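Coordinates in review
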Amino acid sequence: MISLVAHSFWAPGCQGGRRSMATIISGIKTSKLVRERLKMEVDKMESHFSGFRPSLVVLQVGDRDDSNLYISSKLKAAAEIGIDAKHVRLPRTATQDELLQSIMSVNENPSVHGLIVQLPLDSVSPINTELITNAVSPEKDVDGLSCINAGKLSRGDLNSCFIPCTPSGCMELIRQTGVSVEGKHAVVIGRSKIVGAPMHDLLLWHHATVTSCHSKTADLPEQVGRADILVVGAGRAEMVRGEWVKQGAVVIDCGINYIPDATKKSSKRVIGDVHYTSANQRAGFITPVPGGVGPMTVAMLMENTVQSARRFLLKMNLS
Ligand code: NDP
């Protein structure tokens, strides 16, 4: 195990009081390990259970460019692992009832183990997103967004729920550091259903003492300064300054913010919610943006889909 302290403060043998840099936690490498492990498991399932494969349906309404990009990376990851993934696209004119019908038909199909509805919905009709996420059967809700799965997570029932993919990826990255979560003080910035709230619950049930911060938190720098483990999901470019960060902390940055950059072909580049260069000089471990949390989200969706297939086999008394 790597100790938190071993990576803190000053680099051994450093000259002139220069601070050491944090160890970078690579989401690219970690997600590759997860995907390789899943591929081996899916290959085994296929050979042991006469061609059985986990199966995932991605339901999309409309044609948003960003959604198309996210969906294509999910389909590519699934294909590499051996998961059967199907993309179902409804037109922008689809009504709430039509979308609900599509969800019901996947819910009732026993050969599908995972169902995600790509958000945000790109619809011309009014659709209640909360109603939609709760219409997905909790047993197939591999995004972990239904109230049932969120409720189980908040009660610490981690083995029977699906954990939302981004927080689950953050936990995997924290695990990679070798730093034990138990007994640490963790601070989460953000309380959304998809990132902040489930991240709080996960850290809590891994026995950290957790502080949740949000837009009304009065003393954010002070709270951040108390964090042995800091997870940021605020959607505010470089909001967390390096000088706020506790020496040796584990810093996980979920932020995806686009800023103009004339040197790039696309005229923009992505940065996180943490000011990376200054935080890098105080943290013990830090995730880069891009290449940190981002690649983990898709990997953990695959993990949840394989987990759902595992549960299906258990239920059928096959495993
Ligand atoms: P939301 O906008 O839903 O939530 C943002 C949260 O941050 C809210 O709880 C908000 O507080 C809080 N917040 C906003 N401003 C501040 C502030 N100044 N100080 C403290 N807290 C603040 O965003 P998401 O949770 O969906 O996403 C967060 C970030 O993570 C975004 O950059 C998003 O792009 C990224 N993301 C990355 C993913 C990945 O795969 N890497 C996946 C999902 C998201 P309040 O509740 O009070 O409004």
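Refer to the structure presented above.
Residues numbered from 1 in each chain as written. Predicted model: local features only at pLDDT ≥ 70, side-chain atom pairs only at ≥ 80, totals over all residues. Heavy atoms only, no water.

Of regular secondary structure, the chain possesses ten helices and eleven strands. For 319 residues, the compact-globule formula gives about 20 Å, and the C-alpha radius of gyration of the chain, at 20 Å, lands near that figure. Dimensions of the chain, computed from the C-alpha atoms along their principal axes, are close to 65 × 45 × 40 Å. Taking as baseline every contact in the chain between residues at least 6 positions apart, the subset at least 24 positions apart corresponds to 72%. A gap of 5 Å separates the mean positions of the 35 positive and 30 negative side-chain charges of the chain. (Helix = DSSP H or I, 4+ residues; strand = E, 2+ residues; numbered from the N terminus. Rg over C-alpha atoms; globule rule 2.2 N^0.38 Å. Contact = heavy atoms within 4.5 Å. Lys, Arg positive; Asp, Glu negative; His and termini not counted. Charge placed at Lys NZ, Arg CZ, Asp CG, Glu CD.)

The next subject is the sheet that holds strand S1 (residues 23-24). Taken in spatial order, the six strands make up an open sheet running S1-S11-S8-S7-S5-S6, and their pairing is parallel. Two strands close off the open sheet at either side, each with one partner strand: S1 and strand S6 (209-213). Inspection of the sheet shows strand S5 (residues 185-189) paired to strand S7 (residues 229-232) by four bridges, in the parallel sense. Bridge assignment links Val187 to a residue of S7, and that residue is Leu230. Packing of helix H6 (residues 165-177) onto the sheet brings it into contact with S7, strand S8 (250-253) and strand S11 (285-286), and relative to S8 it is tilted by some 150°. Sheet strands in contact with helix H7 (residues 196-205) are S5, S6 and S7, and its direction is about 170° off that of S5. (Pairing = 2+ DSSP bridges. Axes fitted to C-alpha atoms, helices over the stretch in contact; angles between N-to-C directions.)

Right, let's talk about the sheet that holds strand S3 (residues 84-90) for a bit. Ordered in space as S3-S2-S4, the three strands form an open sheet in which the pairing is parallel. Two strands close off the open sheet at either side, each with one partner strand: S3 and strand S4 (114-117). Looking at each pair of strands side by side, their axes are set apart by 15° on average, direction ignored. Pairing geometry for strand S2 (residues 55-61) and S4, over four bridges, is parallel. Pairing of Leu56 across the sheet is with Gly114, part of S4. Lying on the sheet, helix H3 (residues 96-107) is in contact with S2, S3 and S4; it crosses S2 at an angle near 180°.

Time to look at H7. Because an α-helix packs 3.6 residues into every turn, residues spaced three or four apart end up facing the same way. Every buried residue belonging to H7 is among Gly196, Pro198, Met199, Asp201, Leu202 and Leu203, and all of these are buried. His207 sits one or two positions beyond H7 and adopts a positive phi of about 75°. (Buried < 20%, exposed > 50% of the residue type's maximum accessible area, 1.4 Å probe, protein only.)

What follows covers the pattern of salt bridges. Enumeration over the complete set of coordinates arrives at 16 salt bridges. Arg269 serves as the salt-bridge partner of Asp261, at 3.0 Å between the closest nitrogen and oxygen. The partner of Arg310 in a salt bridge is Glu303, and the shortest N-O contact between them spans 3.5 Å. Each of Arg37, Glu41, Glu303 and Arg310 takes part in one network of salt bridges that share partners. (Salt bridge = Lys/Arg side-chain N within 4 Å of Asp/Glu carboxyl O.)

Taken together, 21 residues surround the ligand, and among them Arg191, Ser192, Ser215, Ile256 and Thr297 come closest. Contact distances for the ligand include 2.7 Å between an oxygen atom and a side-chain N or O atom of Arg191. Within the backbone of Ile256, a nitrogen or oxygen atom sits 3.0 Å from an oxygen atom of the ligand. Burial of the ligand by the surrounding chains reaches 70%, relative to a free accessible area of 920 Å². Among the elements that take part in the shell around the ligand, helix H10 (residues 293-315) stands out by supplying three residues, more than any other. (Near = heavy atom within 4 Å. Polar contact = N/O pair within 3.5 Å; in protein donor to acceptor, adjacent residues only side chain to side chain. Areas by Shrake-Rupley, 256 points an atom, 1.4 Å probe, with all protein chains shown as cover.)

Another point: the nonpolar core. Counting residues in each nonpolar core, the largest one holds 50 residues, and the members touching the most others are Ile174, Leu203, Val231, Ile252 and Met302. Ranked by residues supplied to this core, first place goes to H10 with ten residues. Residue contacts for Val231: discarding those within four places in its chain leaves Cys170, Ile174, Val187, Val188, Ile189, Met199, Leu203, Ile252 and Cys254. Among the nonpolar cores identified, the runner-up in size contains 18 residues, and Leu220, Leu230, Trp244 and Val251 belong to it. (Core = buried A, V, L, I, M, F, W, Y, C linked by side-chain atoms within 4.5 Å.)

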